[in-house]
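What the coordinates show
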Amino acid sequence: MTLLDVENLKVTYTTEDDTVHAVNDVSFSIDEGVNYGLAGESGSGKSTIAEALLGLLPGNGTVERGKITFNGRDITSLSDTERRDMLWEDIAYIPQSAMDSLDPVMSTGDQIIQAIQAHRSVSDEKARSRVEELFEIVGLDPDRIDDYPHEFSGGMRQRVTIAMALALEPDLIIADEPTTGLDVIVQDKIIDKILEIQERMDSSLLLITHEIGVIAETCDELSILYGGKVMEQGSVDNVLVNPTNPYTMGLKNSFPEIDGSNEDAVAIPGSPPNLNHEPTACVFKDRCPFATDECGDSHPDLVSLPNRNHRSACHHVDKAAQMRRDAKNPETWDIPEAEDTATDTGEVVLETDNLEKYYEQSQSLLSQFRGEDPDYVKAVDGVSLSVRRSEVVGIAGESGCGKSTLGETMALLEDPTGGEFVFDGEPYEYYQNSNLEEFRRKVQIIFQDPFDSLNPRQTVRKLVGEPLTIHDYRSDEHEQAIIETLEKVGLTPAEKFLDQYPHELSGGQRQRVAVAKALVLDPDFLICDEPASMLDVSLKVNLLNLLRELADTEDIGIVYISHDLASLMQVSDRLAIMYLGRIIEEGAVDRIANQPKHPYTTSLLSAAPEKDPTTDRARVLLDGEPPDPVDLPTGCKFAPRCPKAEEECWATEPALDESEDEDHRAACYFPDDETAETAVEASQTDDPDQSTNAGSLSD
Amino acid sequence: MSQFQRFLAKRLAISIGLTLIAVSVIFVVLRLLPGSPFEALVTSGNLNQQQINEIRALYGLDQPMWRQYIDYMVSILTFQFGYSILRSQPVWDVLEPRLVNTLILLVPALVTTAILSSALGMYAGWNRGSLLEKSSIITTTFLRSTPVFITAIFFIIVFAYNLELVPAFGMRSVTASPEGYVDTFLSIDFLHHYLLPFTVAVLYYSGDFLLLARNGIVEKRGSEFLKLHKAKGLTEMQQLARAGRNSMLPILTYFALRLGMIFQGLILLEVVFGWPGIGRELVLAIQQQDYPLVQAAVFIMALAVIIANLAADVLYAYFDPTVSTGGGSSA
Amino acid sequence: SGGGDGGSGDGGSGQNLTPNAPEGTPETVETQYWRNWDTFDADSPSLDYSATAGAVLDPLPVEFSSEDDPWMREHALMVQRGLNDLGIEAQLNDRPLNQLYAQSWSTDGLDAVISMSTHGPDPQRGLDPNPLLMRRTEGNLSNYDNYYHPKLQEILIEQSQETDRARREELVNQAQDIFAEDVGALITLFSDVVTAVNTNKWSGYVKTPGNGPTGDSFQWTEVNLQPEADDRDYVKGVTTSMNSLNLPWAAGGAEEKRLTFIYDGLFDATPDLDVTPALATGGGFVDDTTVELSLREGVEWHDGEPFTAEDVKFTVEFYKEYSASSQTPFYEPIESVEVLGDHEVRINLKNPDAAFMTQRVVRSVIIPKHRWEDVDNPSQHNPDNPVGTGPFQFEDWEQGTRFEVSRNDGHWMFDDDWRADVLGDRAESGEGIDRVIWINVGNVDSMIGSLQGGEIDAVGTTLSNSQADRASSNSSVETMVSGNFAPLDNKLAFTCPLIRDKEFRVALSKAVDPESFVEEVLQGRGSVPEGENPISDLTQWHNSDVTDYGYDVSEARTLLEQAGYTWDENDNLRYPNGEAWAAFVERIQDGNQYKRREDLDQLDFS
Amino acid sequence: MSTETKPKGQLYKQFDRVRGIIRDQFEFLRQDRLATIGIIVVAVFVFLGLFGPALAPHDPIEHDVRNDDGQILRLAEPSGEAVMGTTAFGKDVLSQFLAGAQPTFIVGLFGGIGTGAIGFLIGLVSGYYGGWVDELLMRLTDLTFSLPFMPMALLLLTFVTPNIWLMTAIIAGFLWKMPARVVRSEVLSVRERTFVKSARASGASDLRTMLYHVAPNVLPIGFLYTAYGVAWAIAAQASLAFLGFGDPTMTSWGRMLRQVFESGNMRVAWWWVAPPAIGIAAITTSVFLIGRAYEEVINPEIQTEQ
Ligand SMILES: Nc1ncnc2c1ncn2[C@@H]1O[C@H](COP(=O)(O)OP(=O)(O)OP(=O)(O)O)[C@@H](O)[C@H]1O
Ligand SMILES: Nc1ncnc2c1ncn2[C@@H]1O[C@H](COP(=O)(O)OP(=O)(O)OP(=O)(O)O)[C@@H](O)[C@H]1O
Ligand SMILES: [Mg+2]
Ligand SMILES: [Mg+2]
């Protein structure tokens, strides 16, 4: 039976200068007990749909037309009171960025109690015991219901919102990117939890995400949205295995593969459509390699494919099979295929030995006086790593494991507190004593956030030119140098960009300016700290390709830091996995991807969702959260969460060369060979095309 | 020691340090001032130099500077404010009734305005763009930016001179001779005199609270947690209440700070309305160069602000579950 | 500080002549202490206004305080006009009154060339010439002007010790003449005291000079007032409040005057500025340094204790021991007091003191021994209930708002005959008033409102003409104007070379026109003395025959011209040059500053 | 691009950019009618501040207004002789009003700029360097917070002969704490932004980073508080003058009000009260209205139109 039926929903936002047509005639319906997915790039209108369903649109948003029927009732015509009664009782909501959507000054328990009591007259005690029950269900300690949101970690907060959503056992749960901003491992756990509970309660789920992989694993049906339009719709198995719409194909292909870098992910070039007018042509036309004149005339209707639960909005549905094949080829998308350079790496540029960066915790005056030793956050705790020219070394790890700190310490933005550091044959002391400027010229770092890594008050010319001014480099040909560099990073024609301010550039362009800024001094060494995490999939792919190319052609040594395993695999030659300030596994990309030795690496790999719904994945769910970096256990730091920890692990910490394999080192007493194999095996399918994939951590 | 205690200890130490410095600054400024109340006596030809010296000795003004400083620090920090030079009375006896008069005017005004304007501000912020919001913003901008004596003058002209509803001046009618505070403050006559300055004080303070509350709500209005509250099916008012609770802290701290500043009185308000408060007394004392009185009054004012600051910090740390009490908070 | 007060043009625009100083004369003469008194504790005066041969005068600093009187700024503008007429630019500096006291009128000399202020109308100043004249003597603490005149010096010292009244009067007359002739200061005017009272409710207001009918320096109105209605409480609105109840150690607040209603002096002053008996009924100098007084019998303190000679002795000794600030003029010359009988005392003076009987014993406060002898630290004592013998006894005091006294029925001033004796036709008989209540209204506007509304009966402070007019627009209220003996004194800095030139001073005196000022600004409410005479014709010491240079600008300019001053083409006054400069330098030397050109046989340089 | 035209072209661009920035800064005016009115009031005020004294028909202090018979007109209602009436001493209120704009303007302008500049610098240095520098400067602001402004200003003004510059200095010396705190907290957040780290990574010195990267990004707040500083300074000046502590040789609006109030003519002489009172109220309110509109634009938190 149909639980929710959306018909021709159209939502617009009025802004100062424009009307944004965020959702345009979207229709879909969800049956009872069905998990429904909404996927699409950022800005495609996913959240807007959810908010329109719930009546949560902000003040400037209006439902222009459309009919939303829930359990046979037309929601749009409900009075405020009726709608309030329906909310939560019948439809619960897990908002996007659920981590931040808890009231910071109300205890988590009270917030759930409030939700319960807003709809049902239950006594406080009853409500409380229900909350405790819910905490138990979502895997939180029921004793903590009086804690405030900030006392929980992001993942735990997420679980609180889930608990809240479950409180009244609604018929439908709308989850808007419930795992945004979480680690792969945590994300995996949460998705698992939602599915488990929802199974138990037998409610329906509307899951919104831009991770195709998540939908593939959890949903029965889905709609793919683009530019506020449904591009393709139907059962997950149909749509994701045999997409008929070029957009779906592009979207699916732009998720990089995890099994080594023999196939670059294919990005959809171009940027999402401008939504300030009602679509007259196919919204995807501008980016679609298969577009014909016909596509410019009207947006295609959603047509049902015969005999299947599968609808697609494309003028060329009939050529789907052909398109599917072509779409795999980057040339179709007008992307010059990166030549598979045999990476011959040069001499070592930078080498660290047991590098340490401890942060002292602020101490009270009294204990300073008493001469107590301060507590340290061991952000980087003995990292030995070497990087050669023309080599890309990837560093992966969970959030907070010290990747950024390592990067910044290698860039000498932070002073190391211990260990050796050699760059270009000179030790740390050499640079520290007055040769820092030379170092700054040779080593560049690119930061995570393209929106923030450029000074908003400088023009591109100034931004890129500033390092030249500072170092008096190529001083007589500034302009020339700037233009050259801009062109190198693909900002052509460079003159067009020179006088623009960052806010006049798109995200991808900004990131390129940031790269240009780093390259303008012709560095020997480049550190990239998650430069792509804020970018849309297609932009991300472009950037990765650019970096790869730079390493190959400019002889630069590159350290690429990310928690997105998939992109690391794509770009790096070597990979280092970090856990709590230490490198626990290091080796060539293929070897790590195929035969991870450390159990942590294994679980990281296995946590990535599959974008192919037909595969089944063996999950290695880790217990708990990473320990407090201040108060680390002795022995192997991973032991508390390790499924196969033994006494030995608790006693002394294993060294990185435990496995005695120079090219693939792992700090584990029980290198994980078989487990890795089974994990990989389990995820392998008969179709050789459908190899192991890893989704990326969302941005 | 818990984090909170540690934080408290640090704040306390800072406050004590500040008090010491503030008190020293007052000392230095006062010593730098040329002349003294005795000058008037000399000019009128009443005293000769020797007599002046005797009197100065009586007030310890003949001692070397460091001695004076130490004596001064010791006495003022032990609340021994000494004798007023001109009033032949202990300084505290002079200041106390003034302070009471000031507080009786301003504390209720502040509390009233804090409650009313914050509520109004929240409501206005919630209904952003409404006529109510716009007009309340104009009015309060006018009220808080215009120097208070001008508002007061406008009010006097309208309500006292033209409408003749209330008296323009003083705390009691000129012929009243009440005994003690109760008699002074519990009378229709007092109320009659109270209304106008009270209203002006309420209006004057209202601007900051209103804007603070309004901005707080506007900031919170789009936030995720409110969306969730709304999704939970809470009514508008319940949502507003939550938004209010969330933007409460700045208001609370601001209230504490204002409360500390109340001890300074609203000098201009007191002058215009002839309210016998501490601010007006201080102006008088400054004009007459009554050192001990000025010293004590400024000290009380500074101390009140420092304590209020401390209270505000502690309140903040205490009431905001998310504030980190560890390091130096960015105030 | 800025001369933004309207000094037109700017200072440096004049054309100086090339300085030409004959042999032996300096080109520039600095401001300096020409007579070094030990009261000066600075190395040089705070004023710096030097004279240079042939140079255009710098803008002349003139200071005043508009807090002094509302019209003081207008007065300064008048002086400025006078200076402008001579070709001198004035730089007006309106200073807070206390700054004027603390900074300008300090022992290192005036801060400005001309410094103006009104003297306070203390009764003593009306009875005896000393307070106004003695400050011109050498080394006097109040002689910030560094003024010196050898003859005046001599006469003043002599008169201050001359106990023979007639002889003294003659000396005082001479002193006035010398001072006026020498233009020791510009005494521009005596401003009237204007106030408003309710004449419907009360009759018998007594106007006293300088005090008017409602001031606190004299209590004649209060003891003479008769109710026209039932209410016998007389309410006086004031704008200042008493600081304490300690009269002897008062530091110059309103209490110094108001509390005298509670106390009696040995003698009192009449509205005609004559001395009349009070606690002392008679007596006088026995010899130059001895005074014997007989005291009034049957007088009781307000607490019922009898008043005796012991109280007088105690008072003086107590004051001396603890330096009673407000009573200094009284006890200062006294060596010792002997009790000759219950109501008989002998006072031994340190030196012969002419003013003792006319100034010092008048309205001096006698305090009860039995209430003060145990006070350890009288300057920090604030009696709860000040007890005196005066016509009114203490009832209530509310700091800052209210002060109330009630009739001391047995007091001699309430005796109709006694009053008729002292006050003449002004005396009115009847049951009199019951209480006097001072109420601090704090604000002139509400005071006028309260007066018209009948809440107060009189305004205890002076009003401006317009305020008084506004107040008396009500039928029950009348404006009262009385004369004043406290002059507006424009002190001249004798440290400054220009001022030391008597020719200049005379010209200055001629250039200033107080008469039209009184007419136009004060609307006739004020009087202009003949010549620069600080002793008012309201007092018994006035010499009506002193040199009066009169207002005549062209004569003034002629004088300057003859003295060698010149003007540039913009009519800016220039110091003399060449020979004339030598003559100028001669005139300003110590010992010549009171001499005119002829006295020094100098040429006419015009 | 030929080397000949380059500098010129750049100059044009530079100019255009500056104009663009200024236009951007005032963009908010288009949306806020109140702010537009405020700008008009401020413009009038600036005009009066510059030319007021010259426009005054008479000398504000020296000239006595007389009627046809040569009699001084005291406390006269507005009439042909004196368009805005006269004061108790027969001075022309219009002239005083016009001349009185200047001190108000000077103190407002320089007090505001001083307040903004000192506050901005201290906030910038304090926030950027952090550590003991921050601690020290912040304790200094705490100190100025705890010392009551009015009484301290009164004390200092009693101590030195008051003139307009001293007053300006005292006002700025007390008010800088407000912008300092706000700028500091703003700097604290800007300092953490990636582009600042990035500047350091490319070798920029502390000074360069602070001036080129941090400062421009907190400048709007600095501007805003300079504007507020102007209003505060005007209010403070008027208040001090009203208490009788201003520069007594200058006619300012605050002083005019003091004179009406002191002379007890407030009840009758509305023509004497109204011009300075309305003048002060209008200018301070206008500055705040503009500042608020500007704040809405630069404060992204308030801005969010969601
Ligand atoms: N309040 C708003 N005012 C104006 N435009 C808005 C508003 N909210 C969203 N939009 C616009 O509407 C479009 C759809 O936004 P929506 O948030 O629904 O996207 P989304 O698919 O959820 O993206 P994401 O994956 O980033 O969350 C976007 O172009 C967005 O810029
Ligand atoms: N300046 C600092 N002072 C104290 N502790 C710090 C500091 N910077 C980082 N840390 C701590 O060091 C640890 C590592 O942080 P880091 O930023 O390097 O992690 P990360 O791996 O880059 O995480 P993410 O993926 O979230 O960026 C964290 O526990 C963090 O709290
Ligand atoms: Mg979204
Ligand atoms: Mg990081």
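Keep in mind the model is a prediction, meaning the values are calculated, not measured.

Along the backbone of chain A there are 24 helices and 23 strands. Relative to its full complement of 699 residues, chain A shows a buried share of 59%. Here the analysis covers contacts within chain A between residues at least 6 apart in sequence; of these, 69% occur between residues at least 24 apart. Here chain A displays about 26800 Å² of accessible surface, and carbon together with sulfur accounts for 43% of that area.

Another aspect to go through is the pattern of salt bridges. All names here are of chain C. If you walk through the whole model with that rule in mind, you get 88 salt bridges over all chains. Across the salt bridge formed by Glu 63 and Arg 95, the nearest N and O atoms sit 2.9 Å from each other. Taken together, the positions of Glu 63 in strand E3 (residues 60-64) and Arg 95 in the loop between strand E4 (90-94) and helix H2 (97-104) put the pair 32 residues apart, joining distant regions of the chain. When the shortest N-O distance is used, the salt bridge between Asp 571 and Arg 557 registers 2.5 Å. Taken as a pair, Asp 571 in the loop between strand E24 (566-567) and strand E25 (573-574) and Arg 557 in helix H18 (residues 553-562) lie far apart in primary sequence, 14 residues in all.

Listed by partner, the interface residues are 48 residues for chain D and 53 residues for chain B. For the pair chain D and chain B, the summed buried area comes to about 4600 Å², and 74% of that belongs to carbon and sulfur atoms. Area buried by chain D at its contact with chain B is led by Leu 155, Phe 159 and Met 266 of chain D, which between them contribute 13% of it. The interface formed by chain D and chain B includes zero salt bridges. Viewed at the interface, chain B and chain D are joined by three residue pairs in polar contact (both at pLDDT 80 or more). Mapped onto the side of chain D that touches chain B, the elements with two or more residues apiece are helix H5 (131-146), helix H6 (149-159), helix H8 (177-191), helix H10 (206-242), helix H11 (253-262), helix H12 (270-298) and helix H13 (300-303) of chain D. At 11 residues, H12 of chain D tops the list of elements feeding residues into the side of chain D that touches chain B.

The sharpest bend along helix H3 (residues 33-55) of chain D comes to roughly 50°, located at Gly 49 of chain D, with the proline Pro 53 of chain D sitting one to four residues further on. Those residues of H3 of chain D lying buried are Ala 35, Gly 38, Phe 45, Leu 48, Gly 49 and Gly 52 of chain D.

All names here are of chain A. Relative to strand E14 (residues 376-388), strand E13 (residues 348-360) is paired through 10 bridges, and the arrangement is antiparallel. Following the sheet pairing, Lys 357 is matched in E14 by Val 380. Bridge count between E13 and strand E16 (residues 418-423): five bridges; the pairing is antiparallel. Bridge pairing in E16 links Asp 353 to Glu 420.

Bringing the site of ligand 2 into the picture now. Residues and elements named next belong to chain A. Near ligand 2, the surroundings consist of 14 residues, among which Ser 399, Gly 400, Lys 403, Ser 404 and Thr 405 are the closest. Note that an oxygen atom of ligand 2 is positioned 3.0 Å from one of the backbone N or O atoms of Gly 402. A distance of 2.5 Å separates an oxygen atom of ligand 2 from a polar side-chain atom of Ser 404. The set of elements that each furnish at least two residues to the shell around ligand 2 consists of E14 and helix H13 (403-410). Broken down by element, the residue count for the shell around ligand 2 peaks at three residues, all from H13. A class-by-class count of the residues in the shell around ligand 2 yields five nonpolar, six polar and three charged.

Next up on the list: the site of ligand 1. Residue and element names in this part refer to chain A. Near ligand 1 there are 17 residues, and of these Ser 42, Gly 43, Ser 47, Thr 48 and Gln 96 occur at the shortest range. A distance of 2.6 Å separates an oxygen atom of ligand 1 from a polar atom in the side chain of Ser 47. Contact with the protein chains hides 73% of the accessible area of ligand 1, taken as 620 Å² for the molecule alone. Where the shell around ligand 1 is concerned, the elements lending two or more residues are strand E2 (19-31) and helix H1 (46-54). The greatest single-element share of the shell around ligand 1, amounting to three residues, is contributed by H1. Among the residues making up the shell around ligand 1, the classes are represented as five nonpolar, nine polar and three charged.

Right, let's get into the interface of chain B and chain A. On the side of chain A, 30 residues touch chain B, which itself brings 20 residues to the contact. Between chain B and chain A the total buried area reaches about 2200 Å² when both faces are included, carbon and sulfur atoms providing 63% of it. Connecting chain B to chain A are two salt bridges. A salt bridge links Lys 227 of chain B to Glu 51 of chain A; the shortest N-O distance between them is 2.5 Å.

Residue and element names in this part refer to chain B. Following both chains from N to C, one finds helix H4 (residues 65-77) and helix H15 (residues 291-319) inclined at 55°, their axes separated by 11 Å at the closest point. It follows that H4 is oblique to H15 by the angle criterion. In the crossing of H4 with H15, the sense of the turn from one axis to the other is right-handed. Residues Tyr 72, Ile 76 and Leu 77 of H4 form the contact with H15, whose participating residues are Gln 295, Ala 296 and Phe 299. Of the residues in the contact of H4 with H15, the class split is five nonpolar, one polar and no charged.

A few words on the side chain of Asn 243 of chain C. By secondary structure assignment, the location of Asn 243 of chain C is in the loop between strand E10 (233-238) and helix H8 (255-258). On the basis of relative accessibility, which here comes to 2%, the residue Asn 243 of chain C falls in the buried class.

Okay, the UniProt feature "transmembrane region" (unreviewed entry) in chain D next. Residues and elements named next belong to chain D. Those residues carrying the UniProt feature "transmembrane region" (unreviewed entry) are residues 34-56, 105-129, 149-176, 218-245 and 269-290 in this numbering. In this annotation, residues 105-129 is assigned 100% helix and 0% strand; the end-to-end C-alpha distance for the span is 35 Å. Secondary structure within residues 218-245 divides into 89% helix and 0% strand; the distance between the first and last C-alpha atoms comes to 35 Å.

Residues and elements named next belong to chain A. Note that Thr 69 resides in strand E4 (residues 61-70). Taking the relative accessible area as the measure of exposure, Thr 69 reaches 16% and is therefore buried. As for Thr 69 and Asp 499, which are separated by 430 residues in sequence, their C-alpha atoms are 52 Å apart.

Criteria and cut-off values
Residues numbered from 1 in each chain as written. Chains lettered and ligands numbered in written order. Predicted model: local features only at pLDDT ≥ 70, side-chain atom pairs only at ≥ 80, totals over all residues. Heavy atoms only, no water. Helix = DSSP H or I, 4+ residues; strand = E, 2+ residues; numbered from the N terminus. Buried < 20%, exposed > 50% of the residue type's maximum accessible area, 1.4 Å probe, protein only. Contact = heavy atoms within 4.5 Å. Areas by Shrake-Rupley, 256 points an atom, 1.4 Å probe, with all protein chains shown as cover. Salt bridge = Lys/Arg side-chain N within 4 Å of Asp/Glu carboxyl O. Buried area = accessible area lost by both parts, 1.4 Å probe. Polar contact = N/O pair within 3.5 Å; in protein donor to acceptor, adjacent residues only side chain to side chain. Bend = angle between axes of the 7 residues up to and from the residue. Pairing = 2+ DSSP bridges. Near = heavy atom within 4 Å. Nonpolar A, V, L, I, M, F, W, Y, C, P; charged D, E, K, R; others polar. Axes fitted to C-alpha atoms, helices over the stretch in contact; angles between N-to-C directions. Parallel < 35°, antiparallel > 145°, perpendicular 65-115°, else oblique. Left-handed = near helix turned anticlockwise from the far one by under 90°. UniProt positions renumbered as here; feature names shortened; annotations may be inferred.

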